[in-house]
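Here is what each chain is made of, one letter per residue.
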Amino acid sequence: MLDEIQKASAEFESALAAATTSRALDELRLRYFGRKEGLVPALFSRLKEVPKEQKKDVGDALNRFRDHAEAILKERSASLANAEAAQKEARETIDVTLPGRLPRLGHLHPITIVRRQMESIFSEMGYSIDPGPEVETDWYNFEALNFTPDHPARDTQDTFFLSEKLLLRTHTSNVQIRTMESFRPPIKVMSCGRVFRRDEITMRRSPMFHQAEGLLVDRGIHIGHLRGTLEHFLHRLFTPDTKIRMRPSFFPFTEPSAEIDISCVFCGGKGCGTCSHTGWMEILGCGMVHPQVLRNVGIDPEEWSGFAFGMGIDRVAMLKFDLPNIRTLFENDLRVLSQF
Ligand code: PHE
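Let me sum up the structure you'll find in this document. (Residues numbered from 1 in each chain as written. Predicted model: local features only at pLDDT ≥ 70, side-chain atom pairs only at ≥ 80, totals over all residues. Heavy atoms only, no water.)

Quick notes on the state of the cysteines
Selection rule: The disulfide definition used here is simple: a pair of cysteine sulfur atoms within 2.5 Å.
Under the criterion given, the structure shown has zero disulfides. Take Cys192: it sits in no disulfide, and the sulfur closest to it among the cysteines is that of Cys286, at 16 Å.

Some words on the packing of aromatic side chains
Rule in force here: The rule is short: rings of Phe, Tyr and Trp, with Trp giving its six-membered ring, pair when the centres are within 6.5 Å, and they are stacked under 30 degrees, edge-to-face over 60, tilted in between. Three labels apply to residues, based on accessible area from a 1.4 Å probe with only protein chains included: buried if under 20% of the type maximum, exposed if over 50%, partly exposed otherwise in between. In this analysis the charged atom, NZ for Lys or CZ for Arg, is taken to sit over a ring once it is within 6 Å of the ring centre and within 35 degrees of the ring normal.
All told, the structure shown has 11 aromatic pairs when counted by the stated rule. On the numbers, 5.1 Å between centres and 75° between planes, the contact of Phe142 with Phe147 is edge-to-face. Residue classification places Phe142 among the buried positions, given a relative accessible area of 1%. Phe147 sits in the buried class, given a relative accessible area of 1%. An aromatic cluster is built from Phe122, Tyr127, Phe233, Phe307 and Phe309, whose rings are joined through pairwise contacts. The cationic tip of Arg178 hangs over the ring face of Tyr140; the distance from NZ or CZ to the ring centre is 3.8 Å. Between the NZ or CZ atom of Lys320 and the centre of the ring of Phe238, over which it lies, the distance is 5.4 Å.

Considering the site of the ligand
Just so we agree on the cut-off: If a single non-hydrogen atom of a residue is within 4 Å of a molecule or strand, that residue counts as near it. Here a polar contact is recorded for every N or O atom pair within 3.5 Å, except that within protein the pair must consist of a potential hydrogen donor and a potential acceptor, and residues adjacent in sequence are included only if both atoms are side-chain atoms. Only DSSP runs of H or I reaching four residues or more are called helices, and only runs of E reaching two or more are called strands; each is numbered from the N terminus. The nonpolar class holds Ala, Val, Leu, Ile, Met, Phe, Trp, Tyr, Cys and Pro. Asp, Glu, Lys and Arg form the charged class, and all remaining residues, Gly among them, are polar.
For the ligand, the set of nearby residues contains 14 residues, the closest of which are His171, Ser173, Arg197, Gln211 and Glu213. Between a nitrogen atom of the ligand and a side-chain N or O atom of His171, the distance comes to 3.0 Å. Those elements that provide at least two residues to the shell around the ligand are β5 (208–218), β8 (280–289) and β9 (305–312). Element by element, the count of residues in the shell around the ligand is highest for β9, at three residues. For the shell around the ligand, the per-class residue count stands at five nonpolar, seven polar and two charged.

Description of the pairing of strand β7 (residues 254–263)
Applicable threshold: When DSSP finds two or more bridges between two strands, those strands count as paired.
Taking burial as the measure, the 10 residues of β7 include eight buried ones, the bulk of the element. Relative to β7, strand β6 (residues 244–251) runs antiparallel, the two sharing seven bridges. Counterpart to Pro248 in the pairing with β7 is Ala258. Between the end of β6 and the start of β7, which pair antiparallel, lie two residues. The sheet contact formed by β7 and β8 spans eight bridges and is antiparallel. The residue bridging Thr254 from the neighbouring strand is Val289, located in β8.

Observations regarding the nonpolar core
Selection rule: As used here, the term nonpolar core means buried Ala, Val, Leu, Ile, Met, Phe, Trp, Tyr and Cys residues forming a set that is joined through side-chain atoms within 4.5 Å. Here, residues are in contact when the closest pair of their heavy atoms is within 4.5 Å.
Counting 41 residues, the largest nonpolar core has Met118, Phe233, Leu234, Ile283, Leu284 and Met311 as the members making the most contacts within it. Elements with a minimum of two residues in this core: α5 (110–124), β4 (187–196), β5, α8 (223–237), β7, β8, β9 and α10 (313–321). Leu284 has contacts with Leu230, Leu234, Ala258, Glu259, Ile260, Phe309, Gly310 and Met311, leaving out every residue within four places of it along the chain.

Quick notes on the packing of helix α2 (residues 22–33) against helix α4 (residues 52–92)
As a reminder, the rule being used: Note on geometry: axes are lines fitted to C-alpha atoms, helical ones only across the stretch in contact, with angles between N-to-C directions running from 0 to 180 degrees. What sets the label is the angle itself: under 35 degrees gives roughly parallel, over 145 gives roughly antiparallel, 65 to 115 gives roughly perpendicular, and the rest give oblique. Working rule for handedness: look at the near helix, and if it is turned counterclockwise from the far one by less than a right angle, call the crossing left-handed; if clockwise, right-handed.
One way to put it is that α2 packs onto α4 with a least axis distance of 10 Å and a crossing angle of 165°. Here α4 runs roughly antiparallel to α2, going by the angle between their axes. Of the two possible hands of crossing, α2 and α4 adopt the one that is left-handed. Residues Ser22, Leu25, Leu28, Arg29, Tyr32 and Phe33 of α2 pack against Phe65, Arg66, Ala69, Glu70, Leu73, Arg76, Ser77, Leu80, Ala81 and Glu84 of α4. A class-by-class count of the residues in the contact of α2 with α4 yields nine nonpolar, two polar and five charged.

Some thoughts on the environment of Ala18
Along the polypeptide, Ala18 turns up in helix α1 (residues 2–18). Exposure remark for Ala18: the relative accessible area of 58% places this residue in the exposed category. Sequence separation between Ala18 and Glu200 is 182 residues, and the spatial gap between their C-alpha atoms is 80 Å.

Considering the pattern of salt bridges
Heads up, the rule is: Salt bridge, as used here, is a side-chain nitrogen of Lys or Arg placed within 4 Å of a carboxyl oxygen of Asp or Glu.
For the structure on display, the rule yields 16 salt bridges. Close ionic contact of Arg29 with Asp26 constitutes a salt bridge, the shortest N to O distance being 2.9 Å. One end of the pair, Arg29, and the other, Asp26, are both in helix α2, three residues apart, so they sit about a helical turn from each other. The exposure class of Arg29 is partly exposed, given its relative accessible area of 28%. Residue Asp26 is classed as partly exposed on the basis of its relative accessible area, which comes to 43%. Across the salt bridge formed by Asp333 and Arg335, the nearest N and O atoms sit 2.7 Å from each other. A single salt-bridge network, built from bridges that share partners, covers Arg245, Arg247, Asp261 and Glu282.

Take a look at the structure:
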């Protein structure tokens, strides 16, 4: 019996060394101390078979083994539980310094930003907004705007024809005619939209681009109204200290015609590479509505007069967001677009 106890004790020690988890330790405890099949209770129950003179020694040995095994099991399970708790904590700890995963948000396209800004400035001045059609007839895009069939100015607006009758508008000035045909003066309309010209793609040109157009027709309108309106507009669109100058120009549908330059948005007028050291940047075309255009839509030029203007939205977006290449606006690269 003493041998058996010694053997059990040795086995216990090696099983203990192998039990590295709480679960293994529980199994070990069950094997040695389980009420029904535990080895230790089994040994105790055999104590009565031991001859009287050995009973004390065997009993002492058995007690020592039991006390030792119980104590060491208790100690070991406490330290294992601690270690496991620490592990679990380490595993489940939330690192609050990790950057979160942000959902991707939509962005307005730079052209949309500028278009909305332009539209809201004119809305505030009482203009209605009408984008007009992109597919047009010769009448609205050219003829009614005083481009006679062989007018050389047609060449400057190299046109995409869809059929003999239909074309892609080369400018938003078609909205002038459409509005004046549908409404009697006083008229205040503003139009933003896509226009098309058979141009090569370069840093600053694209066969499709965007224009903003404005038209005002009322009694007694003169060039001072044009200048004041555009000055207000350009001060809002850029900065209040933006300087403006008008240069005589030519469009078939305005008389007189002018081009408006603003002081360079990069150097403020001192002269830099972007403005070719002139201090000025060409920004829009404008003029007083040609009497013939008014007549073309049945408005009496003796009673009514008006002004019109048109400008590139893409160019303004390039200036405002400092984009050197117009293609940036049309490539739809999210890495670029998400910056606006
Ligand atoms: N339609 C002209 C262009 O595309 C701009 C313009 C509009 C000029 C209205 C005068 C008046 O160049």
